[in-house]
Amino acid sequence: MVPSLSHPKARTVALVGRSGVGKTSLLEALVVATGGLDRPGKVEEGTTLCGTDPEERKHQISLGIAMAPVWVGGDKLTILDTPGFIDFHGEVERALDVADVAVLVVSAVDGVQADTVVVWHLAREAGVPVVVFVNCLDAERANFESTLSALERLIGPTLAPLELPMGEGASFEGIIDLLADEAITYGVGGPQHGPIPSGFAEIEARVRSSLLEAIVVGDDSLTERYLEGEVPSMEELEAVLAHLMVSGTIVPVACGSAIRAVGIDRLASLLDEIAESRPIPVLEDGNEVPLSRDSDADLVLRAFKVIVDPYVGRIVVMEVVSGTITSDASLVNARTKSEERLHGLNYLFGSKLIPIDKGYAGDVVAVAKLNNVVVGDLLTRRGRNMSGGLVSAPTPALSVALVGSSHGDDDKIATALHRLAEEDPSLRVRHDPVSRRLVIDVMGDVHLQVTLERLRRRFNVEVATTPPSVELFETIAAACDAEGRLKKQTGGHGQYAVVNLKIEPLEPTASFEFVDAVVGGAVPRQYIGAVRNGVEKAMTHGGPKGHPVVGLRATLVDGKHHSVDSSEAAFETAASMGLRAALEEVGTTVLERIMVVTTTVPSEHLGDVLNDLSVRRGRVIGTEHEELTAVVTAHVPEAELHRYGLELRNITSGRGHVRIALHHLAEAPKTVTSR
Ligand SMILES: Nc1nc2c(ncn2[C@@H]2O[C@H](COP(=O)(O)OP(=O)(O)OP(=O)(O)O)[C@@H](O)[C@H]2O)c(=O)[nH]1
Ligand SMILES: [Mg+2]
């Protein structure tokens, strides 16, 4: 369906790339170049539109999606700035979910690095057309040629420079527009167009002809005419180029400097050209349907970010997938099926909320007080059975247990963490049943540090961290008979119960069986349940080595009771005593949890992954190959998996995934039991 032309065009652009390449600075420069701001702020001074969060200012890196719109010829492009640091790549994925086009920002100083590769693959997997912007050409040691060759190795023959820099570093003067065949210099009076300086003529001619060839092969009639020696008109070339860029057949390269505002106006126009409707996949009645950005279609919104503002409260940022939203719209949350009433409509300009009346398909709107909407939710009209299913939970790289500064802080810490997790879908909070401590799953050391800083600044909560405890168990070493005898006379009623149990080991995973084999009422019926409870309580309480007991069958074979002094409590206590005595007598074996670890990595990293697993006492069960990826399944003790996610990320430059689940229990070696 062709989007209606009667509405203004609104599209979304994601800036992605490794940390420090200048994405936040580029967003600032784009806003200035299109008239949204008079002067750019600076990352170093914490004065940019998208770098005002105190932790971002402190670390001088972006930590989450931030945004501001730019207007290009009446079209509204919402530019999403994303963090480059790998711990925050969940945010990059969220931005790519909603973007119509992605700008892969690369610095001409450090070119293509492992993180660049990761982000390029994320953009490819999201199916978004990509524009490469080579930034920092004004910086010392900038090298366009080597950056371009590295990009060619990564992206392949679809890469096509549309521009060349004139000079580099201190001698960086401007941009050569290959299609228009002209030079553009940036002085105080704005961009100046002129002929190509003679020093650049030869290289310009060479790169230009390969660009023209790349364009004409995209259109059969142009190819024919080109081969006959005719040079197609600029309009014809531009039309075919636009089509090739939108379809991803050509990955264009633009260049410049965000800090010196060189080439930024041109990038804005290029983005406007490429930011065409990308059909957004949603699930409707169980089938995947692509929704085109049609402002006249049914309204569908998708939440991709939550901000908890100290003054405004909870703000949900949503993309208008299709339709037109007005500030009084009433919608249904496809996940909860409950109605969500909007109270006002805004867009975000950095940290500012700017009120608006309407948002068209492709727009990004921010709405306060939508307390039940979480990242990934779809809002639509009642009667449509949709689900997004698009927010994949990232694999946590690191888990740590938190210890409050004083006892009883746990509730306060948990509340604060849950508030942080609302804004940060990569942060997971859970309760460790063994240590009874709060455990958080994070994406790495920097993510952990930022989370602890936010706890302190926003909630005044101070915590220390420790590795989460490894869950150990005990099981009885051999079968035996046990007797529990309780006989107390302390004035009034006494307490009297005797139980005779037969205890046998079972498979440790079959945690507990109880058999009643009493004959002749030696233990009256009403106390049998209490005996069972007593055994279970003693198991949970722990064996002689202090771990919960699993894997045994207790058979009640005999016992004694007293018509006045016996009670449920007495039988429960006697049963607990009986089991404890048995465990002491025959001894216990300590068990550890063996996890089944399924690791998916690009095949070239398979060897390193297998080595790493063997160091972790892992036993490889199988390896499967699927095209360029390898899937390794291994049994690994839980005690060896601390920081596995981080190590895998290091080995694979962030391109590995892992799933971990409990498989069985096995005897733990001394090194683990004495930890
Ligand atoms: N010389 C030069 N420096 C630049 C340019 N663009 C950005 N910088 C500087 O590079 C540093 C990092 O810039 P940012 O804009 O914060 O980089 P980023 O890509 O947003 O980094 P993350 O948020 O960590 O992903 C800052 O000190 C900028 O001033 C540029 O075009 N030329
Ligand atoms: Mg940034």
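Keep in mind it's a predicted model, so treat the numbers as computed, not measured. (Residues numbered from 1 in each chain as written. Chains lettered and ligands numbered in written order. Predicted model: local features only at pLDDT ≥ 70, side-chain atom pairs only at ≥ 80, totals over all residues.)

Draft legend 1. Just helix α8 (residues 234-246), in detail. Relative to the 18 Å expected for 13 residues at 1.5 Å per residue, α8 spans 18 Å between its end C-alpha atoms, a close match to the ideal helical length. Of the residues making up α8, those classed as buried are Val-240, Leu-241, Leu-244 and Met-245. With its buried residues spanning 135° around the axis, α8 presents them on a single face. Positive backbone phi, approximately 85°, marks Gly-248, located one or two places after α8. (Helix = DSSP H or I, 4+ residues; strand = E, 2+ residues; numbered from the N terminus. Expected span 1.5 Å × (residues − 1). Buried ≥ 20, exposed ≤ 12 C-beta atoms within 10 Å, placed from the backbone. Arc of directions from axis to C-beta.)

Draft legend 2. Structural context of the site of ligand 1. Lining the immediate surroundings of ligand 1 are 22 residues, of which Ser-19, Gly-22, Ile-61, Ser-62 and Gly-84 lie closest. Residue contributions to the shell around ligand 1 peak at 3 residues, all from helix α1 (residues 23-33). Considering only residue class, the shell around ligand 1 consists of 9 nonpolar, 10 polar and 3 charged. (Near = placed C-beta within 6 Å. Nonpolar A, V, L, I, M, F, W, Y, C, P; charged D, E, K, R; others polar.)

Draft legend 3. Quick look at the environment of Lys-76. Structurally, Lys-76 can be placed in strand β3 (residues 75-81). Each C-alpha atom of the pair Lys-76 and Ala-10 lies 4.7 Å from the other, and the pair is 66 residues apart in sequence. Aside from chain neighbours lying at most four places away, what touches Lys-76 is Pro-8, Ala-10, Pro-69, Trp-71 and Asp-363. (Contact = placed C-beta atoms within 7 Å.)

Draft legend 4. Local environment of the sheet that holds strand β30 (residues 480-488). Pairing in this open sheet of 4 strands is mixed, and the strands run β30-β31-β33-β32 from one edge to the other. Strands with a single pairing partner mark the edges of an open sheet, and in this sheet they are β30 and β32 (512-516). Pairwise comparison of adjacent strand axes, ignoring direction, gives a mean angle of 25° for this sheet. Here 5 bridges tie β32 to strand β33 (residues 552-560), and the two strands are oriented parallel to one another. Residue pairing for β33: Glu-513 is matched across the bridge by Arg-553. Across the sheet, helix α12 (residues 525-541) lies against β31 (495-505), β32 and β33, angled at about 155° from β32, the strand it touches most. Across the sheet, helix α13 (residues 568-586) is in contact with β30, β31 and β33; its angle to β30 comes to roughly 140°. (Pairing = 2+ DSSP bridges. Axes fitted to C-alpha atoms, helices over the stretch in contact; angles between N-to-C directions.)

Draft legend 5. Examining the pairing of strand β7 (residues 163-166) more closely. Neither face of β7 is open: one carries Glu-163 and Pro-165, the other Leu-164 and Met-166, and all of them are buried. In the sheet, β7 pairs with strand β8 (residues 174-177) via 4 bridges, with the strands oriented antiparallel. If you follow Met-166 over to β8, its bridge partner there is Gly-174.

Draft legend 6. Representation of the domain arrangement of the chain within the structure. Looking at the chain, the domain boundaries give domain 1 (10-274), domain 2 (280-387), domain 3 (400-464), domain 4 (473-586) and domain 5 (590-673). Averaged C-alpha coordinates put domain 4 and domain 5 at centres separated by 40 Å. Between domain 4 and domain 5, the contact holds 8 residues from the first and 4 residues from the second. Looking at the side of domain 4 that touches domain 5, its residues break down into 3 nonpolar, 3 polar and 2 charged. (Domains from an automatic or database assignment.)

Draft legend 7. Structural detail: the environment of Thr-652. Turning to its location among the elements, Thr-652 is positioned in helix α15 (residues 644-652). When the 21 C-beta atoms within 10 Å are taken as the criterion, Thr-652 is described as buried. Thr-652 sits 379 residues away from Glu-273 along the chain, and the two C-alpha atoms are 35 Å apart. Here Thr-652 is in contact with Val-601, Pro-602 and His-605, once residues within four sequence places are set aside.

Draft legend 8. Looking closely at the sheet that holds strand β5 (residues 130-135). In space, the 7 strands of this open sheet follow the order β2-β3-β1-β4-β5-β11-β6, with mixed pairing throughout. Strands at the two margins of the open sheet, each flanked by one partner only, are β2 (66-72) and β6 (159-161). Neighbour-to-neighbour, the strand axes of this sheet turn through a mean angle of 25°, independent of strand direction. As paired elements, strand β1 (residues 10-16) and strand β4 (residues 101-107) share 4 bridges and run parallel to each other. Bridged to Ala-14 within β4 is Ala-102.

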